[in-house]
Structures are given as structure tokens and as C-alpha cells.
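Examining the three-dimensional arrangement
Residue-level listing of the chains:
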2 protein chains.
Amino acid sequence: MIRKKLVEQIQAKKSYLCVGLDTDISKIPLHLQSHPDAIFEFNKAIIDATKDLCVSYKINTAFYEAMGLKGWEAMEKTVAYIPTEHLKIADAKRGDIGNTSDQYARAFFETIPFDAITVAPYMGEDSIRPFLEYKDKWTIVLGLTSNKGANDFELQKILSADNNQSDFLYEKVLKTVAGWGSINNLMFVTGATQAAAFANIRHLIPEHFLLVPGVGAQGGSLKEVSQYGLNKEVGLLINASRAIIYASTKEDFAAAARNIAQEYQTEMASYLG
Amino acid sequence: MIRKKLVEQIQAKKSYLCVGLDTDISKIPLHLQSHPDAIFEFNKAIIDATKDLCVSYKINTAFYEAMGLKGWEAMEKTVAYIPTEHLKIADAKRGDIGNTSDQYARAFFETIPFDAITVAPYMGEDSIRPFLEYKDKWTIVLGLTSNKGANDFELQKILSADNNQSDFLYEKVLKTVAGWGSINNLMFVTGATQAAAFANIRHLIPEHFLLVPGVGAQGGSLKEVSQYGLNKEVGLLINASRAIIYASTKEDFAAAARNIAQEYQTEMASYLG
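As a further point, take the overall build of chain A. Secondary structure assignment for chain A yields 12 helices and 10 strands. Taking 2.2 N^0.38 as the reference for a compact globule, 273 residues should give roughly 19 Å; the C-alpha atoms of chain A span a radius of gyration of 18 Å, in line with that estimate. By principal-axis analysis of the C-alpha atoms, chain A measures approximately 60 × 45 × 35 Å. Each of the 273 residues in chain A was classed as buried or not, and the buried ones make up 56%. Within chain A, contacts between residues separated by at least 24 positions form 70% of all contacts whose residues are at least 6 apart in sequence.

Printed below as a string of C-alpha cells:
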């Protein structure tokens, strides 16, 4: 999906919401757990209930891999079910040497036709290039993540070549990786729990789209992120997973998910003005 | 598999070789490509031909994911086929926030019963802890990788808290992560193409096992890595993938793979003395 189409979708729906399908068989409503195709049935109901309120779905591959073959099958079916106007993100955090990243790109851009994949930057340029080579696909590189562990490495100071100034590792990642792609094929993950850093992030990469997890269960503020993160072409995809899909654990789960998605959309519409 | 058993295997076979099953349908012998279970048949033949010469098999998950459901099935069957005395490594480079890493750990330690998984450190402690919580399993964290991209971030200098000295990012990773586990459940990936760094790596983590890719197709030297990397309990698993499994592209591929594995084993026996 090209950038222009993504921005149009956001403007039309007055929403930059991404719904995260972190579907865990032990957390879905009891009446569905014994269904032979439980994960897909749950996802289908969530998608039907939220698709007019969001512009993207993010599949957290870990939850599907944990179920083995059955999970992989549910992931394929879910991706096929998501309407084409939604940006389909594989939240896979992959990355390896070039010939291996080639295979990951094939897995998530061809074998399963996602529009975007999240990628870890640790191994550098040749681990990321193979994803960027796909036309009309998006590579979403980890910048500053929403978890406590962000302090361990991402928020360590890197010495510059002239030893005169220093950047946080995540800043070095944003600046370096931005040079490998364009605003049309590259986004960054920046956690909503890091709202204080958003002004600085926007200073470094004013035009890129940011994929922002951490609103909802992790406690990030939609208001703060929007205040500092929105740019002239919106530039934000804000993800909520657990807060939406597990809004109710009873038979009314889809309606409850819609209510929460509606709250986010209404708030987002107010920031889009 | 506990450390003691791994070391015993190495001493008994006079080998610290890991065979990497980066199995690519387009690269296996033509006569196998049309087999309904081609990937598994190829792996089975490679395992049969090399199992007395190596102590570990490493499955590069990307190659299996690229084939979708069929690939995932071949991965499960291959893991079930590998003899129990071999350390089974999922080369998956996973890592995400805690509740997601929980799911990856389940996927590769329970759903598919690997003994070990490779993990990316960028997201810090809570992304790695869930793997370390499994008893008798190994978490293998990326340290200094074998690819050119290692220069982009791994070999950037990190400022210490007192601003008086600096470490490379990979050194900071080795020192920090070493504190989260023990030599009994934690290994590090250090590329064979980085032989010059091995003396320093051994200085920082004298006792840990190192998983060393990059010998063979990537050009790393088995001799140099062994010279600087071996410790009193061996402490090395050296991986070769393409150099072994694609030694011949004809019907004699398994015998050819055995010949190359035998060469590595003979050289390793000489270093074990």
C-alpha cells in the first residue's frame, strides 16, 4: 500500500488506529475456545466489528507461532480476511544476515501477503535492505520501544565519530536507518510510553510514519503521543491490542471491542481537527 | 540439554561442529525438488550423513517460514528427527516485549521442542528474560555478528556512566546480558569473520559457550576462531551451513556433505588435542 493511499484512508475515517491481533487462545471468550478454528473465528469477529474505525491491523506473529501449524494457518487466513484498504502489518521483529533476511522478506511479503513488517536493527544495513527492496511494501524498524528494557541499550549514549557529542542508540538508529529508505517505504516503532521523547523523535524524522504501540494496556497516552507525533500528513499509526480485543471476555467481546475502538477513533478525530 | 552433557558429547565426538540447516528448496538437488516432502527428505539425508561428526543442528527459521505452512511442517518434522544427543538450535533471532517473548519461548521450547533459540538484544532485559526462565534450555543472544552490518551499530562506541571510558555496543551487550543468566543457560553469537575480536570476547566472557557462524561460505577461519575462542570446557559451537549442505548439488549431496563435515571434525579434533 502506497503512502498516499494510507493517508487518504486516515483522512476518510478520521482515524489513525491500528488494531493489534495479539490473539491468545487462553484469553479469548470461553464459548470460542473449543471452536476448531478458534483463533480465526475470534479475529474475524474483531475485524468485522472494528474495520470502519481503524486503518490497519497488526498481527503479532509470536502468538500464532506459539500454536504451531494451527497458528500459522490462522495467521494466513486472518491476513486473507482483512480488507484490502487496511495496512496489514506483520509484527515479527525479524532481522538476520542478508541471505536470511531475503527469506524473511519472502515469508511476510510474498508467502503471506502482508503490507509491512517490523524489523530489529541490531545487525545493521544488510539485515534491513532485503525488506526495503520490495516495492509498495513497508519496513518498520524498531526505534525506541515501549518496554522497560528500552533503558538497557536503546537509551545508552553512543559516541559520535568526533567524540564531541553523543546520541542515544535509538537516535543513531533513526538517523542511520532513515538514510537507507524513504518516507515512502520506511516507518519506525516508537513506544507511546516514551511520550517525552516524541518531540525529539519528530525533530530527527519529521516526515516518517511512526508505528506507536503502548497505548492501552501498557499505559501510554494517546493525547500526548498525538500532540507531539502528528505531522502534516498525520504520520502516526497508533496501535492498541489487549485494550481492544480483550475489552470483554464474554460473548459480547466484539461489541465491547468496537466500543473501545470507537473511543480511540473519536479522540483521534478531535486531534485531526 | 544441560551443559555437562553438551561438553561430554563434544569430548566423545572430538567435534564442536554445528550443522546449519538453511534449507532452500531452490538450492537442493533437482531430483529431490519435486518430492512432496522435499525439505524434510533433504534434511533427513543430511542428518543421517553427518550426525556422528557434529554435536548440534541449527535450523534457520527464515528458510522454513518462507515456505509457509509446508515449511513450518518440515521444521517440526526435522526437529523430531534430530537425535536427542544433539543440541537443537532454533536460529530465529526473536525478541519483543515480555508478554510477546513469552509466546516466542513457548513456540520454540514447547510447541517445537528445540533446546536453544537465538535472540536479538535490542529491546533489553524483559525481551530476553522469558527465554531464560526455561530450565535446561539455552538462550543464545546476538553479540558481534558475522555480517558487514555489524559496523552500523554493534561496533559503535557506547559511553560509560562516568563518561571516562567507552565500550563497543556489542561489549556492553555481552557484559550486561551475562548478568541476566549463567554459563548454564546463556550463550552468545559471535561471528567467525570477527576473529580479531575473539581474544577480547574471551576476556569479557571467559566461560560462556559461543555460537560461531561465518565459517565456510562467509569466509571465517576455523583455526583463528579455535585459537582464541576455545576455553577449558571447549566453549565453542562452530556452525557451517551452506559449505556443508550444498557441498554438492547432485545426487551425491549427502556424501559430499559428510566429506566437508569430516574435514571440519578432523581439524577440530586437532585443536582439542
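Once you've had a look at it, read on.
A word on the sheet that holds strand S1 (residues 17–21) of chain B. Residues and elements named next belong to chain B. Within the closed barrel, the eight strands sit side by side as S1-S2-S3-S4-S5-S8-S9-S10. Their pairing is parallel. Neighbour-to-neighbour, the strand axes of the sheet open up by a mean angle of 30°, direction not taken into account. Alignment of strand S9 (residues 209–212) against strand S10 (residues 236–240), held across three bridges, turns out to be parallel. What sits directly across from Leu210, in S10, is Leu236. Along the sheet, helix H7 (residues 125–132) makes contact with strand S4 (116–119), strand S5 (138–144) and strand S8 (186–190), crossing S5 at roughly 145°.

This next bit is on the sheet that holds strand S10 (residues 236–240) of chain A. All names here are of chain A. Overall, parallel pairing links the eight strands, which are arranged S1-S2-S3-S4-S5-S8-S9-S10 in a closed barrel. The sheet shows a mean angle of 30° between the axes of neighbouring strands, taken without regard to direction. The sheet contact formed by strand S1 (residues 17–21) and S10 spans three bridges and is parallel. Bridge assignment links Cys18 to a residue of S10, and that residue is Asn239. Packed on one face of the sheet, helix H7 (residues 125–132) meets strand S4 (116–119), strand S5 (138–144) and strand S8 (186–190) and runs near 145° to S5.

In the superposition of chain B on chain A (RMSD 0.0 Å, axial shift 0.0 Å), the rotation amounts to 180°. What we have between these two chains is a two-fold relation. Residue Ile158 of chain B of chain B places its C-alpha closer to the rotation axis than any other residue of that unit, at 2.2 Å. Comparing interface residues between copies, 100% of those in chain B also lie at the interface in chain A; the contact surface is shared.

Now for the interface of chain B and chain A. Each partner contributes residues to the interface: chain B has 52 residues there, and chain A has 52 residues. Those elements that provide at least two residues to the side of chain B that touches chain A are helix H4 (61–65), helix H5 (69–81), strand S3 (87–94), helix H6 (98–111), H7, strand S6 (157–159) and helix H8 (169–178) of chain B. By residue class, the composition of the side of chain B that touches chain A is 21 nonpolar, 17 polar and 14 charged.

The next point concerns helix H3 (residues 38–50) of chain B. Residues and elements named next belong to chain B. When the terminal C-alpha atoms of H3 are compared, their 18 Å separation across 13 residues agrees well with the 18 Å that a helix rising 1.5 Å per residue should span. Among all positions in H3, only Ile39, Phe40, Phe42, Asn43, Ile46, Ile47, Ala49 and Thr50 are buried. Looking at the buried side of H3, the elements it contacts are S1, helix H2 (30–33), strand S2 (56–60), H5, helix H11 (242–245) and helix H12 (253–272).

This part takes up the pairing of S10 of chain B. All names here are of chain B. Of all five residues that make up S10, five are buried, and the element is covered over most of its length. Here S10 shows no split at all, with Leu236, Ile238 and Ala240 on one side and Leu237 and Asn239 on the other all buried. Handedness of the S9-helix H10 (residues 222–229)-S10 crossover: right-handed.

What follows deals with H7 of chain A. With six of eight residues buried, H7 of chain A is to be regarded as a mostly interior element. The set of residues buried in H7 of chain A consists of Glu125, Ser127, Ile128, Pro130, Phe131 and Leu132 of chain A.

Another point: the packing of helix H6 (residues 98–111) of chain A against H7 of chain A. Residues and elements named next belong to chain A. In contact at an axis separation of 8 Å, H6 and H7 are set at 30° when each is read in the N-to-C sense. By crossing handedness, the relation of H6 to H7 is classed as right-handed. Together, Gly98, Ser101, Asp102 and Ala105 of H6 and Asp126, Ser127, Arg129, Pro130 and Phe131 of H7 make up the contact between the two elements. Of the residues assigned to the contact of H6 with H7, the class counts are three nonpolar, three polar and three charged.

We now examine unusual backbone geometry. Backbone geometry at Val234 of chain A places phi at a positive 75°, although glycine is not the residue there. Looking at where Val234 of chain A falls in the secondary structure, it is placed in the loop between helix H10 (222–229) and S10.

This paragraph deals with the packing of helix H3 (residues 38–50) of chain A against helix H5 (residues 69–81) of chain A. All names here are of chain A. At a minimum axis distance of 9 Å, the contact between H3 and H5 shows a crossing angle of 25°. Judged by the inter-axis angle, H3 sits roughly parallel to H5. Note that H3 runs across H5; the crossing there is right-handed. Residues Ile39, Phe40, Asn43, Lys44 and Ile47 of H3 touch H5, and the partners they reach there are Gly71, Ala74, Lys77, Thr78 and Tyr81. Tallied by class, the residues present in the contact of H3 with H5 amount to five nonpolar, three polar and two charged.

Residue and element names in this part refer to chain B. Counting buried positions along S2 yields five of five residues, so the element is predominantly enclosed. Where burial is concerned, the two faces of S2 agree: the one with Ser56, Lys58 and Asn60 and the one with Tyr57 and Ile59 are both buried. Pairing of S1 with S2, which is carried by four bridges, proceeds in the parallel orientation. Along S2, the bridge assignment pairs Gly20 with Lys58. Looking at chain direction, S2 and S3 are connected through five bridges and run parallel. Residue Ser56 lies in a different strand from S3, and its bridge partner there is Leu87.

Averaged over every residue, the pLDDT of chain A is 95; residues scoring 70 or more account for 99%. Complex prediction metrics read pTM 0.97 and ipTM 0.96.

Further remarks concern the environment of Tyr81 of chain B. All names here are of chain B. Assignment of secondary structure puts Tyr81 in helix H5. Among the residues examined, Tyr81 registers 13 C-beta atoms within 10 Å and is labelled partly exposed. C-alpha of Tyr81 to C-alpha of Val189: the two residues are 108 residues apart in sequence and 25 Å apart in space.

About the criteria used
Throughout this description, residue numbers start from 1 for each chain and increase along the sequence as written. The lettering of chains begins at A and the numbering of ligands begins at 1, in the order of writing. Where local features are concerned, this predicted model is filtered to residues with pLDDT of at least 70; where side-chain atom pairs are given and counted, the filter is 80 or more; whole-chain, interface and lining totals use all residues. Secondary structure elements follow DSSP: runs of H or I of four or more residues count as helices, runs of E of two or more count as strands, with numbering from the N terminus. Note on method: radius of gyration uses C-alpha positions; expected globular size equals 2.2 Å times residues raised to 0.38. Three exposure classes are used, based on other C-beta atoms lying within 10 Å of a residue's own C-beta, which is placed from the backbone: buried for 20 or more, exposed for 12 or fewer, and partly exposed in between. The contact criterion used here is simple: two residues whose C-beta atoms, placed from the backbone, lie within 7 Å are in contact. Two strands qualify as a pair provided DSSP detects at least 2 bridges between them. Here an angle of 0 to 180 degrees is reported between the N-to-C directions of two axes, which are lines fitted to C-alpha atoms, with helices fitted over the stretch in contact. Here the copies were fitted onto each other by least squares, based on C-alpha atoms from residues at pLDDT of at least 70 in both. Polarity classes work like this: nonpolar for Ala, Val, Leu, Ile, Met, Phe, Trp, Tyr, Cys and Pro, charged for Asp, Glu, Lys and Arg, and polar for all others, with Gly in that last group. One fewer than the residue count of a helix, multiplied by 1.5 Å, yields its expected span. Seen with its strands pointing away from the viewer, a crossover is right-handed when the path leading from the first strand over the helix to the second is clockwise. Each crossing gets its hand from how the near helix is turned against the far one by less than a right angle, where anticlockwise is left-handed and clockwise is right-handed. Roughly parallel refers to an angle under 35 degrees, roughly antiparallel to one over 145, roughly perpendicular to one between 65 and 115, and oblique to any angle outside these ranges. The quantity known as pLDDT measures the predictor's confidence residue by residue, on a range of 0 to 100.

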